[in-house]
Amino acid sequence: MTDVTPRLLFVHAHPDDESSKGSPTAARYVADGARVALVCATDGSAGDVLNPNHAPVDRADMPALREQELAKAVAIIGFHEVYALGYVDSGLPDDPMDVPAGCFADLPLDTTAAALADVIRTERPHVIVTYPPDGGYPHPDHIRVHAFTMRAMELAAEDGDQPAWTVPRTVFGTGFPRTRLQALHDALTELGLDSPFASWLENRDERDADRPHDIAVDVRDFFDVRDNALRAHASQVDPDGGWFNLPRDVEVDVFPWETYVILDGPPAPDGADDLFVGLDLVD
């Protein structure tokens, strides 16, 4: 039995990603007594106001607004530390390779990864949660976050201003795999309720195919944290949107997990339900 506090680091691209991706997992581990930290790579400056009930925002004011929203969401989720690196949001061009000069996805990888490596040496995480190689969807900053994380781990394993740290395990979240969408859709349909997932299921492509997961974290007690954290991003999220009208008891009944794939580190046993399973936690 170890008395070392488990340490978990989430690496995200934009303000609001920390709420929409993995926030129930983060909140669950905070409640369990782990140290949970967050890296937000960009300033979210290329985001638009997506909530139809929100007042217009001048583009120059968007970074400050996104920073304020992030702070509110972080307080709801319970992250112990936030590293907002402030790189310029790359936006969402038609071609993910066609990004503005000087933005996060355009900067030299070793330049940005060095900043994350400093965070890794500081936090000494036992597990890092990042994005899959394809970013999870074709946003240049999400694609970049994967490479950024993997390179930063290589750099962090060498001494810098602080002693080197080798991350024992790195994972990515599967988000909304088809099995999850189908389970929710079927349950809602059986109850005679409108399902927002019908068109999503019809239009998913090969990139959205199910990825077999390695670890399923039970987060049934923390879906409300996710919802409240999402609402904190008031410029980005419509609180009256269909997502918030889904019965949470249905979600708990049919898919109360967030699922993860191991990118690096020791395999997990079949049926694993803990990101730290099988790891020798050391200070």
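Description of the structure in this document. (Residues numbered from 1 in each chain as written. Predicted model: local features only at pLDDT ≥ 70, side-chain atom pairs only at ≥ 80, totals over all residues. Heavy atoms only, no water.)

**Side note on the overall build of the protein**
Each helix and strand in the protein was counted, giving 9 helices and 7 strands. A compact globule built from 283 residues would reach a C-alpha radius of gyration of about 19 Å, and the protein, at 19 Å, matches this within 12%. Oriented by its inertia axes, the alpha-carbon framework of the protein measures out at about 60 × 50 × 35 Å. Within the protein, buried positions represent 48% of all 283 residues. Long-range pairs, those at least 24 residues apart, make up 81% of the contacts in the protein with a sequence separation of at least 6. (Helix = DSSP H or I, 4+ residues; strand = E, 2+ residues; numbered from the N terminus. Rg over C-alpha atoms; globule rule 2.2 N^0.38 Å. Buried < 20%, exposed > 50% of the residue type's maximum accessible area, 1.4 Å probe, protein only. Contact = heavy atoms within 4.5 Å.)

**Quick word on the packing of helix α3 (residues 62–77) against helix α8 (residues 223–232)**
The interhelical angle for the contact between α3 and α8, taken along N-to-C directions, is 165°, at an axis separation of 8 Å. Here α8 runs roughly antiparallel to α3, going by the angle between their axes. Handedness of the crossing formed by α3 with α8: right-handed. Touching Glu 69, Lys 72, Ala 73, Ile 76 and Ile 77 of α3 are Val 225, Asn 228, Ala 229 and Ala 232, all from α8. Of the residues contributing to the contact of α3 with α8, the split by class is 6 nonpolar, 1 polar and 2 charged. (Axes fitted to C-alpha atoms, helices over the stretch in contact; angles between N-to-C directions. Parallel < 35°, antiparallel > 145°, perpendicular 65-115°, else oblique. Left-handed = near helix turned anticlockwise from the far one by under 90°. Nonpolar A, V, L, I, M, F, W, Y, C, P; charged D, E, K, R; others polar.)

**Focus on the packing of aromatic side chains**
Counting across every chain of the model gives 8 aromatic pairs. Aromatic side chains Phe 255 and Trp 257 sit 5.2 Å apart centroid to centroid with 85° between the ring planes, which places their arrangement in the edge-to-face category. For Phe 255, a relative accessible area of 9% gives the class buried. Taking the ring centre of Tyr 29 as reference, the NZ or CZ of Arg 28 above it sits at 4.9 Å. Residue placement shows Arg 180 over the ring face of Phe 176; its charged tip is 4.1 Å from the ring centre. (Phe/Tyr/Trp six-rings, centres within 6.5 Å; stacked < 30°, edge-to-face > 60°. Lys NZ or Arg CZ within 6 Å of the ring centre and 35° of its normal.)

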